[in-house]
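# Fold and contact review
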Number of protein chains: 4
Amino acid sequence: MTSELIDAAARPRWSAREQEFLTITLRLLQEHGYDRLTVDEVAAEAKASKATLYRRWPSKTDLVVAAFIEGVRIQARPPNTGSLREDLLAIGGMICATAGTHAPTVRAVLNEISRTPALREAMQSEFLDERHALFNEVLEAAVRRGEINADAVNPELWNVLPGYLVFRFLLPTPPPDAETVRALVDEVVLPSLTRKT
Amino acid sequence: MTSELIDAAARPRWSAREQEFLTITLRLLQEHGYDRLTVDEVAAEAKASKATLYRRWPSKTDLVVAAFIEGVRIQARPPNTGSLREDLLAIGGMICATAGTHAPTVRAVLNEISRTPALREAMQSEFLDERHALFNEVLEAAVRRGEINADAVNPELWNVLPGYLVFRFLLPTPPPDAETVRALVDEVVLPSLTRKT
Amino acid sequence: MTSELIDAAARPRWSAREQEFLTITLRLLQEHGYDRLTVDEVAAEAKASKATLYRRWPSKTDLVVAAFIEGVRIQARPPNTGSLREDLLAIGGMICATAGTHAPTVRAVLNEISRTPALREAMQSEFLDERHALFNEVLEAAVRRGEINADAVNPELWNVLPGYLVFRFLLPTPPPDAETVRALVDEVVLPSLTRKT
Amino acid sequence: MTSELIDAAARPRWSAREQEFLTITLRLLQEHGYDRLTVDEVAAEAKASKATLYRRWPSKTDLVVAAFIEGVRIQARPPNTGSLREDLLAIGGMICATAGTHAPTVRAVLNEISRTPALREAMQSEFLDERHALFNEVLEAAVRRGEINADAVNPELWNVLPGYLVFRFLLPTPPPDAETVRALVDEVVLPSLTRKT
DNA sequence: TCATAAGCGAGACGGTACGTCGTGTCTTACG
DNA sequence: CGTAAGACACGACGTACCGTCTCGCTTATGA
């Protein structure tokens, strides 16, 4: 599974020109949000034709989703600090670092996701599965180290940590910070994982 | 605080006609999603003029947000079952019941929220604050009953339960069900609230 | 026929308040033209309700036509200078004096006239007939004085003088002036009326 | 001058597609009048987008004026029958033939003309100047043939014939017919042109 | 002197057209 | 042959205006 991740990350999914399109898309997305982003603007900034963009991504939505997935792909590395608490804090910090800039993108992608099942699957396979695998690694390592009990890990709840953090980023309230992450790890996630079943 | 909530809920924020607009908007939103919803369609279904809608809500976005806020307002009642666990399960069930139908709306509203601060504030004061108050009541009652310790409640993390559930509804994965709620309450929230500090 | 004219002019067709509406309408018409004139603006300037206007004139067009007819009514007096040439020059001067300010109104009224037959009849009976009568008087007086021959007057062509002048006012070319009127009378109308048949 | 006219007429001012737009506009204009004509309808009949129309003519008014100018352009050919009387009768007949169908258009165009100077100039250069040139040719030919005296032609009054006829078409009275034209030529225009100065 | 009605201001309303803008398709010309 | 440039059909947005309507307030009359 690890090798797949590496492969997936290493494989040149997009050419340099395509990367440029996605980068511009991502930037404009963060600046204007989904609705205010226009394909014409992306094309103009890239000095490309709209047809060139549509040849690769059949709709604005596809373009945006691809840009999002590309934008968050890089961070998907297991921290492997040797301690569950440190691993969780590292993951939380990583999420905070990226979700802050990508919040408009995430909002847009979530909004578009309700439309086409294809997009749902793309999101599932290209983003969530990777995250799930990353988390599994961290938790399995903790089990191997004896820090937690294997049956304390509920597969339905693996994403409480990232889920809550992302939720917080989507809200209009002040975004979570390092202290939020610490509290979440120490007062929620670890108590849950180390509870007596 | 309870009286404020009741007042806020009882106060006729919108006239009957306006309520009708919001109801139609909400229904069409659930049916088509944000982008496929057209103001013309809302007007036609309400046998109203577009100008009438735009007089109240200066843009499609404002209309949708108002519809959302109105649509979720009703559920904001503390369950008060006498047991913290039951209260939390009730709240979780409530969220599952409403978030399922409102998921497209929530996605749309979140997406639009990144645009204008005014919208942010509306979301904050008209939606989140009410939820916070509701949660506070439940937790304070539990403290009074001695079920939990007052300092186990971290004010930054009060919304882990609703936050995670909503997050799950936004995802393309299968939505949370009663078992998810139970697991979340028993294996995450309660261990956190009853942990030894 | 003369008495009818006098009666028509003397009869208080409109109350003082209604006159005020018509005056404002006429002014705004000259300022903005027909399309840019809004009933709301007339109502606002008159500090009246739109309903009050619509109670009297069932449509914007009726209001405008009434204003126009009222605006040009006053000038409909035979000059009676004792000389055909002087009479014609007087009429021409009169037309120049009024058509200049009323050009936008005339344009508007003509445009609207193609729509409803009712308006056509109003224009015919309330405006053209009066002008025709005025002209007849002048020409008959000239016949009586022996200046022209009765059969030189073609009833189809009685309005060449006003017609050409009005036409000129409708055009974007510089409007006719006193010299134009003189040339028209001396070089066209009089040669026609005094030609050998 | 003749060559200029021919050039102007031959020059493809509008593409075939644009001509189609103008033709449809002209037809709908004659059917419904200016106000009842909608840009949407023109676009629908032409299976075109509104944006396509607005790209060429920035407003409904511009579209209508262009359609009018195009619609009357074709007829601007000197008759050249060899006799002044026949030439005038031919021109008069031409005007009657076209002004009848174009009356609503002319009314609309005149009405809109009072708005923007640009429109005024377009009307002047693209329509009136051509007519003036045509008339000059006819009259100069008559002078060359010795039918009339050069100084009997007042340049201010060149358009009495078309002006009066158009005026008559604008009125709600029955439109001029062949007999009207004959009377106008024989009893007004020719007496004026052949008078002793 | 008070009440009941008629008229008016203010302005919301349904409807409809305008003019703008964005998406996704398509054509043209260039390298 | 792929691409930049951009025209195009479609359709929604948000605005403006017309003509209708309702709501209060005022005024003018009847008890």
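Here is what the cut-offs are and how they apply
- Residues numbered from 1 in each chain as written.
- Chains lettered and ligands numbered in written order.
- Predicted model: local features only at pLDDT ≥ 70, side-chain atom pairs only at ≥ 80, totals over all residues.
- Heavy atoms only, no water.
- Near = heavy atom within 4 Å.
- Polar contact = N/O pair within 3.5 Å; in protein donor to acceptor, adjacent residues only side chain to side chain.
- Helix = DSSP H or I, 4+ residues; strand = E, 2+ residues; numbered from the N terminus.
- Nonpolar A, V, L, I, M, F, W, Y, C, P; charged D, E, K, R; others polar.
- 1 Å grid on protein atoms, 1.4 Å probe; cavity = no way out; pocket = protein on both sides within 12 Å on 5 of 7 lines; lining within 4 Å.
- Points joined across faces, edges and corners; volume = space filled by probe spheres on them.
- Expected span 1.5 Å × (residues − 1).
- Buried < 20%, exposed > 50% of the residue type's maximum accessible area, 1.4 Å probe, protein only.
- Least-squares fit on C-alpha atoms with pLDDT ≥ 70 in both.
- Contact = heavy atoms within 4.5 Å.
- Phe/Tyr/Trp six-rings, centres within 6.5 Å; stacked < 30°, edge-to-face > 60°.
- Lys NZ or Arg CZ within 6 Å of the ring centre and 35° of its normal.
- Buried area = accessible area lost by both parts, 1.4 Å probe.
- Salt bridge = Lys/Arg side-chain N within 4 Å of Asp/Glu carboxyl O.
- UniProt positions renumbered as here; feature names shortened; annotations may be inferred.

What follows covers the protein's contact with DNA strand E. Around DNA strand E, the surrounding shell holds 34 residues, and the nearest of these are B:Arg17, B:Thr52, B:Arg55, B:Arg56 and D:Tyr54. Close to the protein, within 4 Å, the atoms of DNA strand E are drawn from sugar and phosphate at a rate of 60%. Side-chain polar atom of B:Ser49 to a base nitrogen of DNA strand E: 2.7 Å apart, as the coordinates give it. In the environment of DNA strand E, a phosphate oxygen lies 2.5 Å from a nitrogen or oxygen atom belonging to the side chain of D:Tyr54. Within the residue set of the surface near DNA strand E, elements represented by two or more residues are α3 (39–45) and α4 (50–56) of chain A, α4 (50–56) of chain B, α4 (50–56) of chain C together with α3 (39–45) and α4 (50–56) of chain D. Across the surface near DNA strand E, the residue classes break down as 11 nonpolar, eight polar and 15 charged.

Reported here for the largest pocket is a volume of approximately 330 Å³. Contributing to the lining of the largest pocket are 20 residues, with B:Thr61, B:Asp62, B:Val65, B:Thr116 and B:Leu119 lying nearest its centre. Those elements that provide at least two residues to the lining of the largest pocket are α5 (60–73) and α7 (117–144) of chain B. Looking at which element gives the most residues to the lining of the largest pocket, the answer is α5(B), with seven residues. Tallied by class, residues from the lining of the largest pocket come to eight nonpolar, four polar and eight charged. Elements represented by at least two residues in the lining of the second largest pocket include exactly α5 (60–73) and α7 (117–144) of chain A. Among the elements that take part in the lining of the second largest pocket, α5(A) stands out by supplying seven residues, more than any other. Class assignment of the residues belonging to the lining of the second largest pocket gives a composition of eight nonpolar, three polar and eight charged.

The subject of this paragraph is helix α5 (residues 60–73) of chain C. Here α5(C) contains 14 residues, and its C-alpha end-to-end distance of 20 Å stays within 8% of the 20 Å for a straight helix at 1.5 Å per residue. Burial runs high along α5(C): 13 of the 14 residues are buried.

When chain D is fitted to chain C, the residual RMSD is 0.4 Å, and the transformation amounts to a turn of 179° plus an axial shift of 0.0 Å. The superposition of one copy onto the other is thereby described by a two-fold rotation axis. Relative to the rotation axis, the C-alpha of D:Tyr164 is the closest in chain D, positioned 2.5 Å from it. Taken together, the interface assignments show that 98% of the residues at the interface of chain D recur at the interface of chain C, consistent with an identical surface on both copies.

The operation linking the two copies of the chain is a rotation about an axis combined with a translation along the axis. For these two chains of identical sequence, chain A goes onto chain B by a turn of 179° and a shift of 0.1 Å along the axis, with RMSD 0.3 Å. Taken as a fraction of all interface residues of chain A, those also at the interface in chain B reach 98%, which identifies the copy contact as same-surface.

What follows is about the packing of aromatic side chains. Summed over all chains, the structure comprises 17 aromatic pairs over all chains. Taken together, the aromatic side chains of A:Trp14, A:Phe21 and A:Trp57 make up a single cluster linked through ring pairs. When the ring centre of C:Tyr34 is taken as origin, the NZ or CZ atom of C:Lys60, which lies over that ring, is 4.3 Å away.

Contact with chain A, which involves 42 residues of that partner, is made by 41 residues of chain B. For the pair chain A and chain B, the two sides together bury roughly 3,800 Å², of which 61% comes from carbon and sulfur. In this assembly, chain A and chain B are joined by four salt bridges. The salt bridge partner of B:Glu187 is A:Arg195, with a shortest N-O separation of 3.3 Å. Summed over the shared surface of chain A and chain B, the result is 14 residue pairs in polar contact (both at pLDDT 80 or more).

Here C:Arg107 lies in helix α6 (residues 84–113). When its relative accessible area of 7% is taken as the criterion, C:Arg107 is described as buried. Setting aside anything within four residues of it in sequence, one finds C:Arg107 in contact with C:Phe169, C:Leu170, C:Leu171, D:Leu110, D:Asn111, D:Ile113 and D:Ser114.

This brings us to the environment of A:Asn159. One can find A:Asn159 in the loop between α7 and α8 (160–170). For A:Asn159 and A:Arg131, which are 28 residues apart along the polypeptide, the C-alpha to C-alpha distance reads 8.6 Å. Those residues within four positions of A:Asn159 in sequence are excluded, and the remaining contacts are A:Tyr164, B:Tyr164, B:Phe167, B:Arg168 and B:Leu171.

This part takes up the UniProt feature "DNA-binding region" (unreviewed entry) in chain A. Taking the numbering used here, the UniProt-annotated feature "DNA-binding region" (unreviewed entry) corresponds to residues 38–57 of chain A. A distance of 14 Å separates the end C-alpha atoms of residues 38–57 of chain A, which is 70% helix and 0% strand.

Another point: the arrangement of the chains. There is a clear gap between chain A and chain C: no contact, and 33 Å between their nearest C-alpha atoms. There is a clear gap between chain A and chain D: no contact, and 16 Å between their nearest C-alpha atoms.

On to unusual backbone geometry. Residue and element names in this part refer to chain D. A positive phi angle, near 45°, is found at Lys 47, a position not held by glycine. For Lys 47, the location among the structural elements is in the loop between α3 and α4. Notably, Asn 80 is not glycine yet its phi reads approximately 55°, a positive angle. Topologically, Asn 80 is positioned in the loop between α5 (60–73) and α6 (84–113).

Close to DNA strand F lie 31 residues; A:Arg55, B:Tyr54, C:Lys50, D:Arg17 and D:Thr52 are nearest. A distance of 2.9 Å is found between a phosphate oxygen of DNA strand F and a side-chain nitrogen or oxygen belonging to D:Arg56. Contributing elements (two or more residues each) for the surface near DNA strand F: α4 of chain A, α3 (39–45) and α4 of chain B, α3 (39–45) and α4 of chain C together with α4 of chain D. Among the residues forming the surface near DNA strand F, the class breakdown is nine nonpolar, eight polar and 14 charged.

Take the interface of chain D and chain C next. Taken together, the 42 residues of chain D in the interface contact 42 residues of chain C. Carbon and sulfur atoms supply 60% of the area buried between chain D and chain C, which totals about 3,800 Å² over both sides. In this structure, the connection of chain D to chain C is made through four salt bridges. In this structure, C:Glu156 and D:Arg168 form a salt bridge, with 2.8 Å as the shortest nitrogen-oxygen distance. Our count for the contact surface shared by chain D and chain C stands at 14 residue pairs in polar contact (both at pLDDT 80 or more). Of all the secondary structure elements, the ones that give two or more residues to the side of chain D that touches chain C are α6, α7 (117–145), α8 (160–170) and α9 (178–193) of chain D. Looking at the side of chain D that touches chain C, its residues break down into 19 nonpolar, nine polar and 14 charged.

Enumeration according to the criterion identifies 52 salt bridges over all chains in this entry. Here A:Glu31 makes a salt bridge to A:Arg27, at a shortest N to O gap of 3.4 Å. Linking A:Glu31 with A:Arg27, this pair stays in helix α2 (residues 16–32), spanning four residues, or about one helical turn. A salt bridge links C:Arg85 to C:Asp186; the nearest nitrogen and oxygen atoms lie 2.7 Å apart. Of the two residues, C:Arg85 is situated in helix α6 and C:Asp186 in helix α9 (residues 178–193); the sequence distance between them amounts to 101 residues. Each of the salt bridges in this network shares a partner with another, and the network as a whole consists of A:Arg85, A:Glu86, A:Glu179, A:Arg182, A:Asp186, A:Glu187 and B:Arg195.

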